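Chains, contacts and geometry: an overview
Next come the chains, spelled out residue by residue.
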Amino acid sequence: MRTQNWPIKLSGYQEPRPFITGDVYSFKDSFGGILESYWLSSNATAIKINASVPFHLGWNSTEKVFFFEARYTDSPYKPLPGKPPFPELSYRVCVGSDVTSIHKYMVRRYFNKPSRIPSESAFKFPIWSTWALYKTHINQEKLLNFTESIKKYNFNYSHIEIDDMYTKYYGDFDFDPVKFPNATAMFKKLKEDGFKVTLWIHPFINYNSPNFGVAIEKGLFVKEPTGQLPAMVQWWNGIGAILDFTNPSTKEWFQNNLRQLRTKYGISSFKFDAGETSYLPKQFSTFQPLADPNMYSRRYTEMADQFYDLAELRVGYQSQNISCFFRIIDRDSDWGYELGLKSLIPTVLTISMLGYPFILPDMIGGNAYSNFTKDMKELYI
């Protein structure tokens, strides 16, 4: 959640709301991007909601109770075509002799394991990102100056990640020729200096990108309920449509574009942003109907798994077998539990309890959008 404690602390009263993956950085009250309907109590009791449930979660902190609800009305869950809209609340309660043995049992019973291990260098050495210094104002000159500085001060590096706005439009799969007048020469230089490079990528294609028309023609977008037109969505970088990864053709088209980037410039992998169910439109239809909208996040992680070596994801739902790094959502340059420094270990412990062993923080020191204060410098250190 946005304010992550260990163990979980909930405050106030919350009516049951859809238990779907969300972006807690942008939307305060949503659930996080890595979710599992699994709870473990220190009294050696575990609860697992069954997969078929249109699950809503609420609570009353005064009475220390959870509310579990199954419903289709006014919710992003839909019964599968031809099935009656009668939700069933079904779950299992397992009791063990101690908290460790019951957790181990639940993990074996409900979670898969990753089949491979990501690149060792990313565990050992820092990942440098253009976002911290330059935000969207990145270009060829700044990038090369940045890597020169890293080398000049003898810093270690696993790789460098080129973040937001290296393309002309959101949804393009190449470098903006104005910002990067000679991308081929730039990558040759980076390779000579021993830098592996990853690129920021996302599932949105904005209406002004040439690929918007291509994807409409090929039927690659999540559509509005009739299935005729792409469903337009608003995300933090504008308005566009969202790729439908329940469609094998979408997965293949997207992966092909990423592979071409990899071949053309020697890109090592990608930072896969977004993928949360909450970015789907209120009413939508997908190539494969989704009774559980969280399966959208699952399909996104399956698509990324091919690039696992240095790939990072920020969503996970039944994705424990995906061998990528799972990145916790952006933190602020703040000391507290609400997306601050104190939330780091609780968040990592929580995600790890949900079956994810390869966990990555976001920017060290947090996302600073204002002038760097003395307090922030101390935080960074």
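What you see is a predicted model, and the numbers here were worked out from it, not measured in a lab.

**What about the nonpolar core?**
- Phe55, Ile162, Phe175, Phe187, Phe254, Phe270 and Phe272 are the most contacted members of the largest nonpolar core, which totals 89 residues.
- When near neighbours in sequence (up to four residues on either side) are disregarded, Phe175 contacts Ile162, Tyr166, Phe180, Ala183, Met186, Phe187, Leu199 and Tyr265.
- Residues Leu310, Phe325, Phe358 and Leu360 belong to the second largest nonpolar core, which totals five residues.

**Section: the sheet that holds strand S2 (residues 38-41)**
- Taken in spatial order, the three strands of this open sheet run S2-S3-S6, and their pairing is antiparallel. Each having just a single partner strand, S2 and strand S6 (91-95) make up the two edges of the open sheet. Neighbour-to-neighbour, the strand axes of the sheet open up by a mean angle of 10°, direction not taken into account.
- Relative to strand S3 (residues 45-49), S2 runs antiparallel, the two being bridged by four bridges. Looking at S3, one finds that Trp39 is bridged to Ile47.

**A word on the side chain of Ser285**
- As for its position among the elements, Ser285 is in the loop between strand S13 (269-272) and helix H8 (295-304).
- Given the relative accessible area of 19%, Ser285 is considered buried.
- A distance of 3.0 Å separates a polar atom in the side chain of Ser285 from the backbone oxygen of Glu224.

**Brief notes about the environment of Gly194**
- Take Gly194: it is sitting in the loop between helix H5 (183-192) and strand S9 (197-201).
- Separated by 37 residues in sequence, Gly194 and Tyr157 have C-alpha atoms that sit 9.2 Å apart.

**What about helix H1 (residues 99-110)?**
- For H1, which comprises twelve residues, the first-to-last C-alpha distance of 16 Å matches the rise-based estimate of 16 Å (1.5 Å per residue) to within 8%.
- Structurally, H1 contributes buried residues whose contacts are with S2, S3, S6 and helix H9 (344-353).
- Measuring from the backbone nitrogen of Thr100 back to the side-chain oxygen at the start of H1 gives 3.1 Å, which picks out Asp98 as the cap.

**Regarding helix H4 (residues 140-152)**
- Taking 1.5 Å of rise per residue, the 13 residues of H4 would be expected to cover 18 Å, and the 18 Å separating its terminal C-alpha atoms lies within 8% of that figure.
- Backbone nitrogen of Glu141 and a side-chain oxygen of the N-cap are separated by 3.2 Å at the start of H4; the cap is Asn139.
- Positive phi appears at Asn154, one or two residues downstream of H4, with a value of about 55°.

**Here we look at the pattern of salt bridges**
- Considering all chains together, one arrives at 22 salt bridges under this definition.
- Its salt-bridge partner being Glu161, residue Lys271 comes within 3.9 Å of it at the nearest N-O pair. Taken together, the positions of Lys271 in strand S13 and Glu161 in strand S8 (residues 159-162) put the pair 110 residues apart, joining distant regions of the chain.
- Judged by its relative accessible area of 5%, Lys271 is buried.
- Where salt bridges share partners, they join Asp23, Glu161, Asp163, Lys271, Asp273, Glu276, Glu312, Arg314, Arg327, Asp330 and Asp362 into one cluster.

Definitions and cut-offs
- Residues numbered from 1 in each chain as written.
- Predicted model: local features only at pLDDT ≥ 70, side-chain atom pairs only at ≥ 80, totals over all residues.
- Heavy atoms only, no water.
- Core = buried A, V, L, I, M, F, W, Y, C linked by side-chain atoms within 4.5 Å.
- Buried < 20%, exposed > 50% of the residue type's maximum accessible area, 1.4 Å probe, protein only.
- Contact = heavy atoms within 4.5 Å.
- Pairing = 2+ DSSP bridges.
- Helix = DSSP H or I, 4+ residues; strand = E, 2+ residues; numbered from the N terminus.
- Axes fitted to C-alpha atoms, helices over the stretch in contact; angles between N-to-C directions.
- Polar contact = N/O pair within 3.5 Å; in protein donor to acceptor, adjacent residues only side chain to side chain.
- Expected span 1.5 Å × (residues − 1).
- Salt bridge = Lys/Arg side-chain N within 4 Å of Asp/Glu carboxyl O.

Geometry only, nothing functional implied.
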